[in-house]
Amino acid sequence: MANSTETPAERAHRTIHAGGEWLAASSGATREILDPADARPFAVIAEGDEKDTDLAVAAARRAFDTGEWPHTPVAERAALLRRVADLLVRDREPLGLLESRDAGKTVEEGRVDIDCVADAFRYFADLVAGEAPGRVVDAGSPDIHSVVVHEPVGVCAMITPWNYPLLQASWKIAPALAAGNTFVIKPSEITPMTTVALIDLLTEAGLPAGVANIVTGPGHSVGARLAEHPDVDLVSFTGGLISGTKVAQAAAVTVKKVALELGGKNPNVVFADACETEEGFDTAVDQALNAAFIHSGQVCSAGGRLIVEESVRERFVAELARRAAKIRLGRGTEDGVECGPLVSAQQRAKTEDYVASALAEGAELRCGGKRPEPSPQRPETGYFYEPTVLDNCHREMKVVREEVFGPVLTVETFRTEDEAVALANDTEYGLAGAVWTADAGRARRVAGRLRHGTVWINDFHPYLPQAEWGGFGKSGVGRELGPAGLAEYRESKHVYQNLAPKPVRWFAG
Ligand code: NAD
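Now for a description of the structure that goes with this document.

## Brief notes about the packing of aromatic side chains
And then number 1: Per the counting criterion, the structure on display carries 8 aromatic pairs.
And then number 2: With a centroid separation of 5.0 Å and 70 degrees between ring planes, the pair formed by F271 and F414 is classed as edge-to-face. Residue F271 is found in the loop between strand 12 (267–270) and helix 10 (278–293), and its partner F414 is found in strand 16 (residues 408–414); the two are separated by 143 residues along the sequence.
And then number 3: The exposure class of F271 is buried, given its relative accessible area of 1%.
And then number 4: Consider the rings of F281 and F316, whose centres lie 6.0 Å apart with planes at 90 degrees: the pair is edge-to-face.

## Quick word on the sheet that holds strand 20 (residues 490–498)
And then number 1: The strand order across the open sheet built from 3 strands is 5-6-20, with neighbouring strands paired in antiparallel fashion. Two strands in the sheet have a free side with no partner beyond their single neighbour: strand 5 (134–137) and strand 20. With strand direction ignored, the average angle separating the axes of adjacent strands in the sheet is 20 degrees.

## Focus: the state of the cysteines
And then number 1: On inspection of all chains with the given rule, the structure shows 0 disulfides.
And then number 2: Among the cysteines around C275, which has no disulfide bond, C367 carries the closest sulfur, lying 18 Å off.
And then number 3: Given a relative accessible area of 4%, C275 falls into the buried group.

## Here we look at helix 12 (residues 345–360)
And then number 1: With 16 residues, helix 12 extends 22 Å from end C-alpha to end C-alpha; this agrees with the ideal 22 Å at 1.5 Å per step.
And then number 2: Among the residues of helix 12, those classed as buried are Q347, R348, T351, Y354, V355, S357 and A358.
And then number 3: Two residues or fewer past helix 12, G362 is found with a positive phi of approximately 105 degrees.

What counts and how
- Residues numbered from 1 in each chain as written.
- Predicted model: local features only at pLDDT ≥ 70, side-chain atom pairs only at ≥ 80, totals over all residues.
- Heavy atoms only, no water.
- Phe/Tyr/Trp six-rings, centres within 6.5 Å; stacked < 30°, edge-to-face > 60°.
- Helix = DSSP H or I, 4+ residues; strand = E, 2+ residues; numbered from the N terminus.
- Buried < 20%, exposed > 50% of the residue type's maximum accessible area, 1.4 Å probe, protein only.
- Pairing = 2+ DSSP bridges.
- Axes fitted to C-alpha atoms, helices over the stretch in contact; angles between N-to-C directions.
- Disulfide = S-S within 2.5 Å.
- Expected span 1.5 Å × (residues − 1).

As structure tokens, then:
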């Protein structure tokens, strides 16, 4: 590789990686990456387009069709993934900091993200390394040997969002590589920095040139081209419903495999019996706060919809609003800050519109609902917005039906278990939801009736790399993580061998 000895700083805006080379955009266009805490640029990247995308897809195609990676023994592929995990651990501090500056989250959140990324690489390494190479099928005759084997899909296109830039990338890259694919990734145009850094780590771990490619650039050009490209075999997309629908439509023209991880409108159902003890009440409130406001609510599984039993509603919401008002907002790199800014001016404006519409529709503002006063930790130019609790909400409100993706919690109430379940399922999405109760029978009953891809009982937000992640309804198609997350990146092939071939004489002549 001609320029492999360069540091990322020397490489500057050559952030397109195709066939082992770091390149500027063919048009020469660049984009500034802004720190959401003050709206000031801290990096410059290549603004790629369709031409750059074609170049990267051609490199990935060559590496798949003629390269060694798809045929590399599974044990070697697994060893490489484990080396990547080790490199992530080595670079935890700089990567955590970079994720914080890029996405606005606190550095501690950035560090946790890097730990989770390393876990994903280790999980998929262990999963493929421990597998049987194929499944022997009983064909009913000693003369037939029949086996189903897994093969890589081919060239995978990956399109990722801005809220968990490296984590979402790793849920695609780790299984794709474990299965023997090559790929082209397009990170979000506003938070590409850690994904660019990961490509360097893959190279350092020994991945052959052309296997991992990245094109930085916008969705309407780079993303759209990847989705429609005839040489791409699979497109895996994480992002919003509108872009995801466009990706699915474009991919249908060439009948690609498609995986979609889309939005959510996630219910957090609290029964009064969960709040009977002081400890139970405190835990349920604390976790409701965490569910709604971590990373300023910019989480696909954010518990932005509190559905609480009428009898405890006033006490619960009062305590929740009291604590939400005390969340310390500021630049994610500052000590003591608990929540960073929103990722962009656009995301804050969207949040403000949702709050305004909710108030116009009759919601009661219990806290927040505005930009905070600037402070040394919170520059006026940053995209900050106060954690907001909206009481007296109902299912017809726009803020209850649509994904806000900001620090906004709506409150609805119920009186019976049936009513709670009906409210929790009354969404076009179905990504995640939680039920809080001290009654074990009720917990299992309600969990069984919720139409969501992940259901937490007396918890909110944890996920496991071993367990599938994905949604019912408009939250998506397919699953990431777990064995199904690996299966997305594979084709099954049935190899039927006749050990004693004879004429069949179907045709008499
Ligand atoms: P987005 O849909 O605006 O963008 C996501 C990615 O798609 C970006 O890289 C963007 O450039 C690209 N894109 C945009 N238009 C495209 C097009 N026409 N063709 C191809 N690519 C296109 O989403 P976002 O605002 O970056 O992220 C927020 C959304 O992501 C939320 O809806 C959130 O719920 C969802 N999300 C879901 C999960 C999950 O696991 N289900 C995880 C994280 C985020």
